[in-house]
Amino acid sequence: MVQQRTSRRELLKTGAGAVTASAFLAGCSGKLDTITGSDSEGDALRIGTDSDPGSPLNIYASSSSKFDWMKDLVYDRLLFPSPYVDQKEPGLATETNQIDETTWTATVRSDAKWHDGEPFTADDVVFTYRYYRDGPANRYTHHVSQAPHIKTIEAVDDQTVRFEGAYPTPTLAAITFADLPIIPKHVWKDIDDPYKYGELPVGTGPYELVDYEAGERLRLRRNEDYFVGTPSVDEIVIPIVTDHSTMFTALKSGEIDTTSVAVPPSTTSQFESNEDLDVVHATSLTLVEIRINYERSPFDTHDFRHAVSRSIDKKSILDVVMLGQGIAGTKGYPHPKSPWTASDIEQPYDPDEARTTLDELGFEDSDGDGIRESSNGEKLSFTLKVPSNEPSYIRAAELVAEDLTAVGLETKAKTLDPGSIGDLFSSRDFDMYISSITPHGVADPDQFVMSHRSGYLWKKGISYPAWDDLFEKWKATATIEARKNVLFEMQHLFNEQPTSIPLWYPEPRFAYRPKKYDAWAESPGYGIHHKWSLLPKDVRGTTVTKSFD
């Protein structure tokens with residue numbers, strides 16, 4: 001439980017709202033050899049990260065999209081780089097063609113090999129897409145099983161795969177082909193439970209994972225025969241350092257060369273003034289949000305959620321918590337910089353409108369204590385849960401609680417360990433909690449639709465006629481433009497009665513040691529840590545939008 005509440009005015013005056021640089025970097029500066037492997041890694045590029053994938057990059061066990069940048073070092077997709085950019089490059093497919101409203105073909109490469117030397121073929125693509133559609137669910141599978149649903153996947157010949165949707169599939173190339181990693185049939189066809197598979201992965205990508213030590217590190221060596229071009233770095237070591245203070249201290253001391261975690265706003269100037277480091281800004285397409293339990297009263301009332309979203313001063317929270325580094329969450333959900341997001345959606349701060357809406361719903365303060373009551377006299381008192389290892393989220397929770405209480409919705413912030421926060425999605429034991437969401441959630445339009453069926457933004461089976469009508473309209477569209485227009489209608493509906501309230505969209509700064517490697521580049525949704533940063537410049541094409549060397 002948060003013990004003390006400091007007013008926003010006091011926070012702004014003292015600067016105590018942000019994590020101070022001195023406090024943040026006062027952490028461990030001791031020996032990190034056991035974490036980084038620095039006593040034995042030689043010239044390996046060391047990229048620190050704060051999360052253990054929990055497996056040797058098994059795409060089922062490590063399904064979370066936060067590990068996409070690691071998995072992409074090993075695996076490839078039919079098209080590059082991702083659903084988050086308009087223009088695609090050939091990947092494992094050299095060409096894709098739309099035959100009619102529901103049918104596509106993909107011509108696959110004849111010059112790609114798996115890391116174990118076996119040739120890559122059209123049968124691998126057929127196997128992969130059928131495995132995703134018919135097998136256990138993971139973060140990729142909805143792209144062939146539901147949104148959209150691909151009913152026929154077959155090899156026409158040795159290099160051509162044919163896909164036929166159960167309904168029109170105008171975005172199959174732009175989204176599905178650019179998102180699903182292809183796995184080898186000769187390895188996966190005999191695996192009974194993909195979630196328990198623990199062998200080192202076999203991919204076609206620029207790097208081969210040669211070692212994984214749980215909680216310690218991953219080690220990858222370059223694929224000399226990579227079909228796009230020889231990777232620029234021989235070996236990569238990814239130390240897992242869960243404590244951010246320890247990780248950034250290691251970066252300053254030279255024990256690691258860069259981090260996949262953005263530099264905290266309070267320490268940006270320290271890293272910028274360090275002559276051994278460069279600091280760059282790159283688009284990550286993530287957001288920090290309040291998730292609302294739409295299955296719990298009164299949050300199951302659309303207008304009540306509208307009032308909650310209008311009660312929160314996101315601009316002030318950004319200024320206090322992130323020192324203004326980022327974009328205030330007033331631009332709504334999903335991420336405003338995704339090419340699939342309507343330009344005119346919003347979740348503005350309007351406490352007067354919020355009060356009016358609450359009055360109209362019959363939630364009034366009948367006893368004059370500043371807290372509204374329901375029609376049966378129960379006080380509207382809520383809990384906002386927040387992970388205990390995220391200081392910026394805790395400070396944001398205090399400010400959100402102030403804003404909601406100011407309109408008569410008594411709210412208290414409560415810290416939980418990260419594991420307990422992670423369990424809330426399935427337990428549903430919450431009013432609201434603060435979390436973050438990756439590019440797959442907020443920049444992939446098919447995931448936005450799927451999130452209304454999976455339980456994240458809504459759940460299939462809970463009545464929502466307005467959304468259901470738009471979903472049927474979405475499925476009937478046959479062109480990208482028409483599908484976008486319906487998608488934008490969905491986004492407008494969502495932001496009028498949101499189940500996710502963006503607090504801010506991070507604008508991350510990444511630091512790296514240029515003497516070790518200086519050819520970093522931006523790919524939207526990935527920042528600078530992705531496989532295209534590690535490939536020669538002349539083969540990157542449109543996979544990157546900005547280079548920093």
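The coordinates are above.
Residues numbered from 1 in each chain as written. Predicted model: local features only at pLDDT ≥ 70, side-chain atom pairs only at ≥ 80, totals over all residues. Heavy atoms only, no water.

(A) Seen up close, the overall build of the protein. When helices and strands are counted, the protein shows 19 helices and 21 strands. Overall, the C-alpha framework of the protein stretches about 75 × 60 × 40 Å when taken along its three principal axes. Residues counted as buried form 58% of the 549 residues belonging to the protein. Counting only contacts in the protein whose residues sit at least 6 apart along the sequence, the fraction spanning at least 24 positions is 71%. When the accessible surface of the protein is totalled, it reaches about 21,100 Å², and 45% of it is carbon and sulfur. Counting 56 positive and 86 negative side-chain charges, the protein places the centres of these two groups 1 Å from one another. (Helix = DSSP H or I, 4+ residues; strand = E, 2+ residues; numbered from the N terminus. Buried < 20%, exposed > 50% of the residue type's maximum accessible area, 1.4 Å probe, protein only. Contact = heavy atoms within 4.5 Å. Areas by Shrake-Rupley, 256 points an atom, 1.4 Å probe, with all protein chains shown as cover. Lys, Arg positive; Asp, Glu negative; His and termini not counted. Charge placed at Lys NZ, Arg CZ, Asp CG, Glu CD.)

(B) Examining the environment of K88 more closely. Take K88: it is sitting in the loop between β2 (79-80) and β3 (89-90). Along the chain, K88 and F471 lie 383 residues apart, while their C-alpha atoms are 27 Å from each other. Here V85 takes part through its backbone oxygen, which lies 2.6 Å from a polar atom of the side chain of K88. For K88, the side chain forms a polar contact with the main-chain oxygen of A174, separated by 3.3 Å. (Polar contact = N/O pair within 3.5 Å; in protein donor to acceptor, adjacent residues only side chain to side chain.)

(C) Representation of the sheet that holds strand β14 (residues 327-328) within the structure. Spatially, the six strands line up as an open sheet ordered β14-β18-β13-β17-β15-β16, and their pairing is mixed. Bordering the open sheet on either side are β14 and β16 (410-416), each of which pairs with just one other strand. (Pairing = 2+ DSSP bridges.)

(D) Fine view of the sheet that holds strand β4 (residues 93-98). Ordered in space as β4-β5-β7-β6, the four strands form an open sheet in which the pairing is antiparallel. Edge strands, defined here as strands with exactly one partner in the open sheet, are β4 and β6 (150-157). Averaged over all adjacent pairs, the angle separating strand axes in this sheet is 20°, with direction ignored. Where β4 and strand β5 (residues 103-108) come together, five bridges link them in antiparallel fashion. Of the residues in β5, the one forming a bridge with N97 is T105. Against the sheet, helix α5 (residues 122-134) contacts β5, β6 and β7 (160-165), and its axis sits at roughly 170° relative to β6. (Axes fitted to C-alpha atoms, helices over the stretch in contact; angles between N-to-C directions.)

(E) Spatial organisation of the side chain of N274. Structurally, N274 can be placed in the loop between α10 (268-272) and β12 (278-281). A distance of 2.9 Å separates the side chain of N274 from the backbone nitrogen of D276, its partner in a polar contact.

(F) Inspection of the nonpolar core at higher detail. Membership of the largest hydrophobic core comes to 76 residues, with the highest contact counts inside it found for Y129, F163 and W188. Grouped together as the second largest cluster of nonpolar side chains are 36 residues, I394, V400, I434 and W504 included. (Core = buried A, V, L, I, M, F, W, Y, C linked by side-chain atoms within 4.5 Å.)

(G) Seen up close, helix α17 (residues 445-454). α17 sits mainly inside the fold: eight of its ten residues count as buried. Considered for burial, the residues of α17 that qualify are P445, D446, Q447, F448, V449, M450, S451 and H452. Residues of α17 that are buried in the fold lie against α6 (142-145), α7 (172-176), α16 (439-442), α18 (465-476) and α19 (480-496). You can read the cap of α17 off the contacts: a side-chain oxygen lies 3.0 Å from the backbone nitrogen of D446, and it is on D444. Of the residues one or two after α17, G455 is the one with positive phi, at around 110°.

(H) Highlighting the pairing of strand β18 (residues 500-505). With six of six residues buried, β18 lies mostly within the body of the structure. Of the pairings in the sheet, the one linking strand β13 (residues 287-292) to β18 comprises four bridges and is antiparallel in character. Residue pairing for β18: R291 is matched across the bridge by S500. Note that β14 and β18 share two bridges and pair antiparallel. In the strand pairing of β18, I327 is matched with Y505.

(I) Representation of the pattern of salt bridges. Scanning the model with the defined rule gives 35 salt bridges in all. The salt bridge partner of R428 is E295, with a shortest N-O separation of 2.9 Å. On the criterion of sequence distance, the pair formed by R428 in the loop between α15 (418-427) and β17 (432-437) and E295 in the loop between β13 and α11 (302-310) is long-range, its members being 133 residues apart. With a relative accessible area of 15%, R428 lands in the buried category. Across the pair K475 and E472 runs a salt bridge whose closest N-O atoms are separated by 3.5 Å. Of this pair, K475 and E472 both sit in helix α18, three residues apart, which is roughly one turn of that helix. Put simply, D68, K71, D72, R77, R139 and D179 are held in one network by salt bridges that share partners. (Salt bridge = Lys/Arg side-chain N within 4 Å of Asp/Glu carboxyl O.)

(J) Expanded view of the pairing of strand β1 (residues 45-48). Residues L45 and I47 line one face of β1 and the alternating positions R46 and G48 line the opposite face, and both faces are buried. When β1 meets strand β10 (residues 235-239), the two strands line up parallel, connected through two bridges. Considered in β10, the bridge of R46 is made with V237. The pairing of β1 with strand β11 (residues 258-259) spans two bridges and is classified as parallel. Bridged to I47 within β11 is T258.

(K) Looking closely at the environment of V161. Turning to its location among the elements, V161 is positioned in strand β7. Taking the C-alpha atoms as reference points, V161 and A93, separated by 68 residues in sequence, lie 9.7 Å from one another. Residues within four places of V161 in sequence aside, it is in contact with W104, T105, A106, V108, A122, V125, V126, I153, E154 and A155.

(L) Highlighting empty space enclosed by the protein. One pass over the structure, following the stated rule, counts three cavities of 30 Å³ or more. Counted as a void, the largest cavity has a volume near 50 Å³. Residue lining of the largest cavity: T171, W340, P445, D446, W474, I480, R483, K484 and L487, and that is the complete set. Breaking the lining of the largest cavity down by element, the ones donating at least two residues are α17 and α19. Examining the composition of the lining of the largest cavity, we find that four residues originate from one element, α19, more than from any other. (1 Å grid on protein atoms, 1.4 Å probe; cavity = no way out; pocket = protein on both sides within 12 Å on 5 of 7 lines; lining within 4 Å. Points joined across faces, edges and corners; volume = space filled by probe spheres on them.)

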